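The residues making up each chain are set out below.
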Amino acid sequence: MNQYDVAVIGSGPGGYVAAIRCAQLGMKTAIVEKYSTLGGTCLNVGCIPSKALLDSSHHYEDAVKHFEEHGIDIPGEIKVNIKQMISRKQGVVDQTTKGIQFLMDKNKIDVYEGLGSFKDATHINIDKDGKSETIEAKHTIIATGSKPSSLPFIKIDKERIITSTEALALKEVPKHMIVIGGGVIGLELGQVYKRLGAEVTVIEFMDRIIPGMDGGLSKELTRSLKKQKMKFNLSHKVKSVERIGDEVVVKADDKKGKEVTFKGDYCLVSVGRRPYTDGLNAEAAGVKLDDRGRVEVNDHLQTNVSNIYAIGDVVRGAMLAHKAEEEGTMVAELLAGQKPHINYNLIPGVVYTWPEVAAVGKTEEELKEAGVEYKVGQFPMRALGRARASMDIDGFVKILADKSTDEVLGVHMIGARCADLITEGVTAMEFRASAEDIARMSHAHPTYAEAVKEAALAATDDRAVHI
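Residues numbered from 1 in each chain as written. Predicted model: local features only at pLDDT ≥ 70, side-chain atom pairs only at ≥ 80, totals over all residues. Heavy atoms only, no water.

A. Layout of the overall build of the chain. When you go through the chain residue by residue, the secondary structure sums to 14 helices and 22 strands. In terms of C-alpha radius of gyration, the chain reaches 24 Å, essentially the compact-globule figure of 23 Å for 467 residues. When each of the 467 residues of the chain is scored for burial, the buried share is 52%. The contacts of the chain with a sequence gap of at least 6 include a subset with a gap of at least 24, amounting to 63%. In the structure as shown, the chain presents an accessible area of about 21,900 Å², 49% of it carried by carbon and sulfur atoms. Here the chain carries 60 positive and 66 negative side-chain charges, and the mean point of each set is 3 Å from the other. (Helix = DSSP H or I, 4+ residues; strand = E, 2+ residues; numbered from the N terminus. Rg over C-alpha atoms; globule rule 2.2 N^0.38 Å. Buried < 20%, exposed > 50% of the residue type's maximum accessible area, 1.4 Å probe, protein only. Contact = heavy atoms within 4.5 Å. Areas by Shrake-Rupley, 256 points an atom, 1.4 Å probe, with all protein chains shown as cover. Lys, Arg positive; Asp, Glu negative; His and termini not counted. Charge placed at Lys NZ, Arg CZ, Asp CG, Glu CD.)

B. Main features of the packing of aromatic side chains. Inspection of every chain in the model, using the stated rule, returns 1 aromatic pair. The interplanar angle of 85° and the centroid separation of 6.1 Å between the aromatic rings of Y4 and Y112 together place this pair among those described as edge-to-face. Of this pair, Y4 sits in strand β1 (residues 3–9) while Y112 is found in strand β3 (residues 110–113), placing the two residues 108 residues apart along the sequence. An identical accessibility class is assigned to Y4 and Y112; each is buried. One Lys or Arg, K28, reaches over the ring of Y4 and ends 5.0 Å from the middle of that ring. Positioned above the aromatic ring of Y266, the side-chain terminus of R160 is 4.6 Å from the ring centre. (Phe/Tyr/Trp six-rings, centres within 6.5 Å; stacked < 30°, edge-to-face > 60°. Lys NZ or Arg CZ within 6 Å of the ring centre and 35° of its normal.)

C. Main features of unusual backbone geometry. Going from W354 to P355, the amide bond is cis rather than trans, its omega being 10°. Look at the link from H445 to P446: it is a cis peptide, with omega at -5°. Tracing the backbone shows P446 in the loop between α13 (435–439) and α14 (450–459). If you check the backbone angles, M391 has positive phi at about 70° while not being a glycine. Looking at the element boundaries, M391 is found in the loop between α11 (385–390) and β21 (396–402). The residue D462 is not glycine, and still its phi comes out positive at about 55°. Along the chain, the position of D462 falls in the segment after α14.

Right, dumping it as structure tokens:
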């Protein structure tokens, strides 16, 4: 029986990063993955493939709608080759997952393919195609991630009524895609197929899309996506989803309780994700799960069983790949006797639509609820020379700062490249910068980042220069 200092169950961003950091710190490490490729949901059927399709569809939209304005004439008809687009996406996925295998080899991490389940607190069974083996581990890190959620009355057939996994590999562009859920996944994939020619209708239970983010971002993203002809039905409670041949019929009650019917050829169910512990046999190790199926952990991500830890989507907190990575690193360093920490308030959130949406820290709603006195500085992207040059003028940057100390409490942005720009907000807040600190930093001109400086100036005695 092979023995290890650490065994990691699950090879997503949290799991593989945890394994690498453990190996770097001198621990003999194994990683167990039930699928034939490493990388988990994010690399295989999540973050990476969705961004590949977002980029491909963005190129197509630019060619069809915007190239002529830039003085670029393309003779003939521009067509979508969905087969090639999906193939390119898969090529990106394959290259990325092979990169994880390279990192495992480089760091001398043993990789086991098969379903990992606890035999007891120090032994893990690995089952694959009817064959089983057992390894022993002094410490185990559970990093089994999450799976798409559904609603009790919806039957996912993976053909017409689909999750994000199937939406990443369609063989045709839908005529009318109904999206249940106005969160990150639904909006990103909805925009992909809208760009490619589908009619897209979003049905959301809450009174706004991206409900967990700042209300200003939600309002601006709704406005922008409506300009792109996406349709939104907010405050609608879906009560049935039925497939009739190649048609999907969705019935919902609107905010007045009136029944509304939607018909399309595909229905994407994107109502969130659930922690995935199926087959883990956590009870054999004595590991407790909470009432939502998450592994219970303390502030050090340690379960009730002292030698077993859990990270990422399978524990409390935001289901974000980069949050899982930070947690994987933290557990590895704790096992090595170090004293790492994570400031969960500074884990950024991003929506990769176009315009992109990104945020870190507190929203205005949260500050009001907490009774914190704050000031707001906001700057529109359309006032930037760089934005006008690229024709990406939608959006704004908003900085929230403490009214008395000027410390930055939240940064919220929507616009071109905000997924990258938000790191400036994270960095500033990690060092407890004031709005004036950001305002006095030189920002290259012309760039989108100038909107951050101008928003900081606006928050500092309303000193924005270019509005």
